[in-house]
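A look at the structure
Spelled out, the chains give:
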Amino acid sequence: MARLNEGKPQAIVVLGPGALETAKRIQARYPDAAIHGLASRVKADVTYAELSMHLRELYASNTPIIALCAAGIVIRCLAPLLVDKTVEPPVLAVAEDGSAVVPLLGGLGGVNVMAREIAAALQVAPAITTSGELRFGTCLLNPPAGYVLADIEHGKRFVSDLLAGGTTRIEGDAPWLNQVELPRSDDADHAIRISPYKSDDSRELMVHSRSVVVCVNELSPDDPIVERIRHVLLEAKISPMSVAAMLAPATLMTSAQLTEAAHTLDVPLRFGTLPEGFETQTPHDRDIAIAIAPGIVDVQMLGQARGMLTVIGLGPGSVDLMVSAAKHALSSADDILGYETYVRMAGPFKPHQTLHCTDNREEMKRARHAFELASTGRRVVVVSSGDPGVFAMAAAVLEALDESQSNEAWSSVDLNIVPGVSAAMATAARSGAPLGHDFCMLSLSDNLKPWTIIETRLRLAAQADLVMAFYNPVSRARPWQLDRALELVREYRGGTTTVVLGRNIGRPGETLTTTTLEHLRSDQVDMRTMVIIGSSTTRSFPRGDGNGVWAYTPRWYE
Ligand code: SAH
């Protein structure tokens, strides 16, 4: 229980732009926290459509909540869930202007600790309302990061014993208790023991220090590795709560079994060799070793994590058209790479995130740079607009990997591609359903392919009566290509063919034009335009609100 909240990043929830400045000050204190904003009102790391539903979801998933709104609103939203005591994350209300910090729920999840931290960051006094006698309760039952209380129920009894006049010794190193006026006595009958080992003594308050590293040296297919680790810990009388990390040789980096095991045991997985300063125990199980540090383990000092490279699509522009897997990848990234315009679109960023903006033409260089960064254990995101697999970075990233197949560090990277809403889909949706029947996507750019191929494809697509979506229709360096393409298409399609032009769809200044092939002029089109040329069956009709037409291609064929 005490372990659940540890490490789970806080959600800083805002309703409008007025709270953003305070939210950012809190985020500077908790760099892993994400700002959640009401989609219709504010640009944030995560958006939501409705406050009470969102707060309830966060609460039920045991996410610490810092809500920048009136305490009463938060209480009303969460009230229906309060009877269920299985989860109780810290919940705080903070005044939009940062003038008040009120801990509301999660006394045992460290809400007062958070209230003090946030208040310190905002330079105000926290509104702590729990009575003074909980003085050592807060410190004993909420040890700082790196320490875990073994049993909360036992902890509560222990605190009552002390409040009833009991005395205690401290066995082990508990620096955070130095400032607490505990009723100490060397011959006390109670003891607070800080140790990775288990204890059955009911007069002892066990606080486990995260000082143990489980080293897995070998793994066979179908290895019941989790059971083996549990067994080894049991034999050594070490609490699973004391495990700070699993460590394995870099050769096991791609093992799904090991990843799964670390997930099940809820500990970080690192790769490399054990640094000095640990006392190692070799249990009967020869593939597993237990290493114990004198204090808590700084996981960052243990080799490296498996690097991650995620290629995402931002969608056409607006945040509400970005898939949540892409938002998630962005919020947990260490490095973000891409063409400057797109990287800017992917913000706002957190202070620790590094941006690597490059020119649009440097795709292969960018892809290699992404692997270099990821192979050191960093979480890297490469951004494209729309869908990353449509005339964009995903293919460049795979090409770089394909070229370097012998590079083990690169091939060990956890590579994922997250789809996005491509410009053709976004434009089609705005205009109706012009891609409702067979269609093709073509890039009119002859930068990376000969123009003759483009002409052949245009002719064949036109002959096949496919709807065509043109990407990269024109640019300053390619002035005549669109006119030539239209000339070809007009050989096969009538002048009344429906044409849809979407410019800056999902971005400021978006425009949508529905016209016909005979009226289409190339000066209506620029490099921010998606051109959809209908088939012989594509049609349009006036919208009910009088604002233009709906265009669609029926699903059937005559
Ligand atoms: N990966 C992107 C396409 C990159 S090619 C995607 O899937 O959408 C760039 C071309 O896409 C532009 O020249 C333009 O034709 C089109 N495009 C990209 N974003 C657009 C937008 N917001 N509105 C209209 N067209 C867009």
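**Some remarks on the environment of isoleucine 292**
- By the secondary structure assignment, isoleucine 292 is in strand β15 (residues 288-292).
- The buried category is assigned to isoleucine 292, whose relative accessible area is 9%.
- Note: C-alpha distance between isoleucine 292 and proline 508 (216 residues apart in sequence) is 56 Å.
- In this view, isoleucine 292 contacts Pro196, Tyr197, Ser211, Val212, Ile238, Gly277, Phe278, Glu279 and Gln281; residues no more than four positions away in its chain are not counted.

**Concerning the sheet that holds strand β27 (residues 539-542)**
- Pairing is mixed across the open sheet formed by three strands, whose spatial order is β21-β28-β27. A strand with exactly one partner marks an edge of an open sheet, and here the two such strands are β21 (432-433) and β27.
- Pairing of β21 with strand β28 (residues 549-552), which is carried by two bridges, proceeds in the parallel orientation. Bridging across to β28, alanine 433 finds its partner in tyrosine 552.

**Here's the deal with the confidence of the model for the protein chain**
- In the predicted model, the protein chain carries a mean pLDDT of 92, and the fraction of residues at 70 or more is 97%.
- With pLDDT under 50 throughout, residues 1-5 is counted as low confidence; its partners more than four residues away or in other chains account for 17 contacts.

**Here we look at the domain arrangement of the protein chain**
- The domain architecture assigned to the protein chain consists of domain 1 (11-129), domain 2 (147-209), domain 3 (214-301), domain 4 (308-421) and domain 5 (424-552).
- Each of domain 4 and domain 5 was reduced to a C-alpha centroid, and the two centroids are 28 Å apart.
- Listed by partner, the interface residues are ten residues for domain 4 and ten residues for domain 5.
- Across the interface of domain 4 and domain 5, roughly 780 Å² is buried in total on both sides, 65% from carbon and sulfur atoms.
- For domain 4, the biggest contributors to the area lost against domain 5 are Pro316, Val390 and Phe391; these three give 54% of the whole.
- For the pair domain 4 and domain 5, the interface holds zero salt bridges.

**Focus on the site of the ligand**
- As a structural note, the neighbourhood of the ligand is formed by 20 residues, with Val390, Ser422, Ala423, Met527 and Thr529 the closest of them.
- Within the backbone of aspartate 387, one N or O atom sits 2.8 Å away from an oxygen atom of the ligand.
- Interatomic distance of 2.9 Å between a backbone N/O atom of isoleucine 505 and a nitrogen atom of the ligand.
- For the ligand, whose unbound accessible area comes to 540 Å², protein coverage reaches 94%.
- Mapped onto the domain boundaries, the shell around the ligand takes at least three residues apiece from domain 4 (308-421) and domain 5 (424-552).

**So, the packing of helix α7 (residues 225-235) against helix α8 (residues 256-265)**
- Between α7 and α8, whose axes approach to 9 Å, the crossing angle comes to 50°. In this view, α7 runs oblique relative to α8, as classed from their interaxial angle. As α7 runs across α8, the sense of the crossing is right-handed. Contact residues: Ile225, Val226, Ile229 and Arg230 in α7; Gln257, Ala261, Thr264 and Leu265 in α8.

**So, the sheet that holds strand β24 (residues 498-503)**
- Spatially, β22-β23-β26-β24-β25 is the arrangement adopted by the five strands of the open sheet, whose pairing is mixed. Edge strands, defined here as strands with exactly one partner in the open sheet, are β22 (439-443) and β25 (511-516). Going from strand to strand, the sheet's axes swing by 20° on average, the running direction of each strand aside.
- The strands touched by helix α16 (residues 481-492) within the sheet are β23 (467-471) and β26 (529-533), with β23 carrying the most contacts at an inclination of about 175°.

**A few points about the packing of aromatic side chains**
- All chains considered together, the criterion is met by six aromatic pairs.
- Judged by centre distance (6.1 Å) and plane angle (80°), the ring pair of phenylalanine 541 and tyrosine 552 falls under edge-to-face. With phenylalanine 541 in strand β27 and tyrosine 552 in strand β28, this pair connects stretches of sequence that are eleven residues apart.
- The exposure class assigned to phenylalanine 541 is partly exposed, which follows from its relative accessible area of 41%.
- The residue whose ring lies beneath arginine 543 is tryptophan 550, and the NZ or CZ to ring-centre distance is 3.8 Å.

**So, the packing of helix α11 (residues 363-374) against helix α12 (residues 393-403)**
- It is the contact of α11 with α12, at a shortest axis distance of 9 Å, that shows an interaxial angle of 65°. Two packed elements cross with a definite hand, and for α11 against α12 that hand is right-handed. Two secondary-structure elements touch here, α11 through Glu363, Met364, Arg366, Ala367, Arg368 and Phe371 and α12 through Met393, Ala396, Val397, Glu399, Ala400, Leu401 and Glu403.
- Considering only residue class, the contact of α11 with α12 consists of eight nonpolar, no polar and five charged.

**Some remarks on unusual backbone geometry**
- Of note, the amide linkage connecting glycine 347 to proline 348 takes the cis form, showing an omega dihedral of 5°.
- With respect to the helices and strands, proline 348 occurs in the loop between α10 (340-345) and β18 (354-358).
- Positioned with a positive phi, aspartate 266 is a non-glycine residue whose angle comes to about 60°.
- Assignment of secondary structure puts aspartate 266 in the loop between α8 and β13 (269-271).
- The phi torsion at phenylalanine 391 lies on the positive side, around 45°, for a residue other than glycine.
- For phenylalanine 391, the location among the structural elements is in the loop between β19 (379-384) and α12.

About the cut-offs
- Residues numbered from 1 in each chain as written.
- Predicted model: local features only at pLDDT ≥ 70, side-chain atom pairs only at ≥ 80, totals over all residues.
- Heavy atoms only, no water.
- Helix = DSSP H or I, 4+ residues; strand = E, 2+ residues; numbered from the N terminus.
- Buried < 20%, exposed > 50% of the residue type's maximum accessible area, 1.4 Å probe, protein only.
- Contact = heavy atoms within 4.5 Å.
- Pairing = 2+ DSSP bridges.
- pLDDT = per-residue confidence, 0-100.
- Domains from an automatic or database assignment.
- Buried area = accessible area lost by both parts, 1.4 Å probe.
- Salt bridge = Lys/Arg side-chain N within 4 Å of Asp/Glu carboxyl O.
- Near = heavy atom within 4 Å.
- Polar contact = N/O pair within 3.5 Å; in protein donor to acceptor, adjacent residues only side chain to side chain.
- Areas by Shrake-Rupley, 256 points an atom, 1.4 Å probe, with all protein chains shown as cover.
- Axes fitted to C-alpha atoms, helices over the stretch in contact; angles between N-to-C directions.
- Parallel < 35°, antiparallel > 145°, perpendicular 65-115°, else oblique.
- Left-handed = near helix turned anticlockwise from the far one by under 90°.
- Phe/Tyr/Trp six-rings, centres within 6.5 Å; stacked < 30°, edge-to-face > 60°.
- Lys NZ or Arg CZ within 6 Å of the ring centre and 35° of its normal.
- Nonpolar A, V, L, I, M, F, W, Y, C, P; charged D, E, K, R; others polar.

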